[in-house]
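# Overview (structure and organization)
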Amino acid sequence: MTLPVPTMPKPPVAVVGLGQLGGSLAAALVAAGREVSGWDVDPAARDAAAARGVRTTRELGGVVVLAVPLPAMADALDGLDVDPAATVTDLGSVKIPVLASVGAALGDRFVGGHPMAGTERSGHGATDPGLFHGARWALCLEPGTDLRRWLRVAEVALDAGAEVVPVTAAEHDDAVAAVSHVPHLLAAALAAAAGEAGALALALAAGSFRDGTRVIGSDPALVTAMVEGNAGPTAAALARVRAQLDRPWPDLVATGHEVRTAIAGRRQVRVPLDRAALLALGRTGGAVTQRLAAFVEGWVPDR
């Protein structure tokens, strides 16, 4: 298998869905000098992207990025003219269902992805070219993943300013259940409980309440699709939280403080372009920061 090398021309990128994530990715790639096109069913989103230098078209090729809500993912390419040789990736917050639908239809042309970025805002008005700077971008390496296509998608993430974390879809879904999906449910529960406490409680709410409930300001339909799309791992992660809440409060507070404030340095590493080696990097908590010819450079935590 001949792998693409950094000196080869990078393929164009086409983004389907130009809301916060898709619009931000397109804008970041334009700023990085990549050739970028895109499409959105909303004319206002297309106009906003065009004003940022994105060519809007239904003809898509190179690396095609699906930046649409999870319920729309399976049909995102309907009515679009997609190059049969194109590599397709996505930005969905759950990976196993997308792999079962889009991945099953596209075979080894598909590489699942999920940037750990975004805010409670949505739509093209929330576009931010710096949204992915320094963010982790999970990129799925399944047994059938074409490493050449995986590298092309990794280059897109790196050009957007992110750091690439190699994972499997199952590993991803288990991990994000704990650090993303359960926090949305906890934010909802905290807000609902404060509402039951009454007007005075809400009037006195300050920074800790604001920070603890920020994410539930997101579109409820999107949050519901996310947690229900990853129901098994989310339920398991939520059970772990419930078990923690049953501990003596001093122990719980001390343990949580220790985990949250632990400081880990970074140790630079060089990893060969091999599935097992790349996944090992991700499993240690590391990430890829640069593509080389026969290796990638990155880091692992140095505790």
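In this text, all values refer to a predicted model and were calculated from it rather than measured experimentally. Numbering of residues starts from 1 in each chain and follows the order in which that chain's sequence is written. Per-residue local features of the predicted model are confined to residues with pLDDT of at least 70, and side-chain atom pairs are confined, for both listing and counting, to 80 or more; whole-chain, interface and lining totals are unaffected and use all residues. The side-chain quantities take in all heavy atoms of the structure and omit both hydrogens and water.

Right, let's get into the environment of valine 269. Comment: elements are numbered from the N terminus, with helices defined as DSSP H or I runs of at least four residues and strands as E runs of at least two. Considering the arrangement of structural elements, one finds valine 269 in strand β12 (residues 265-272). Along the primary structure valine 269 and glycine 217 are separated by 52 residues, whereas in three dimensions their C-alpha atoms are 39 Å apart. Ignoring any residue separated from it by four or fewer positions in sequence, one finds valine 269 in contact with Leu281, Val296, Glu297, Gly298, Trp299 and Val300. Here, two residues are considered to be in contact whenever any of their heavy atoms come within 4.5 Å of each other.

Salt bridge, as used here: a side-chain nitrogen of Lys or Arg that lies within 4 Å of a carboxyl oxygen of Asp or Glu. Under the criterion given, the structure shown has 12 salt bridges. Measuring nitrogen to oxygen at the nearest pair gives 2.9 Å for the salt bridge that ties lysine 95 to aspartate 90. In this structure, glutamate 155 and arginine 291 form a salt bridge, with 3.4 Å as the shortest nitrogen-oxygen distance. A residue pair is termed long-range when its members are at least 10 positions apart, and glutamate 155 in helix α4 (residues 147-159) and arginine 291 in strand β13 (residues 287-291) qualify at 136 residues. Each member of the pair glutamate 155 and arginine 291 is classed as buried. Via salt bridges that share partners, Lys10, Arg34 and Asp159 belong to a single interconnected network. With a 1.4 Å probe rolled over the protein chains alone, any residue whose accessible area is under 20% of its type maximum counts as buried; one over 50% counts as exposed, and the rest are partly exposed.

This brings us to the domain arrangement of the protein. Taken as a whole, the protein is organised into domain 1 (13-167) and domain 2 (172-246). Segmentation of the chain into domains, including their bounds, is taken from an automatic or database domain assignment. Here the C-alpha centroids of domain 1 and domain 2 sit 26 Å apart. With 14 residues of domain 1 in contact, the opposing surface of domain 2 contributes 14 residues. Summed over both sides, the interface of domain 1 with domain 2 buries roughly 1,000 Å², with 66% coming from carbon and sulfur. Counting every contact that joins domain 1 to domain 2 gives 0 salt bridges. Definition of a polar contact: a pair of N or O atoms within 3.5 Å, with one able to donate and the other able to accept a hydrogen when the atoms are protein atoms, and with sequence-neighbouring residues admitted only if both atoms are side-chain atoms. Viewed at the interface, domain 2 and domain 1 are joined by 4 residue pairs in polar contact (both at pLDDT 80 or more). Put simply, buried area is the surface a 1.4 Å probe can reach on two separate parts but cannot reach once they are joined, added for both.

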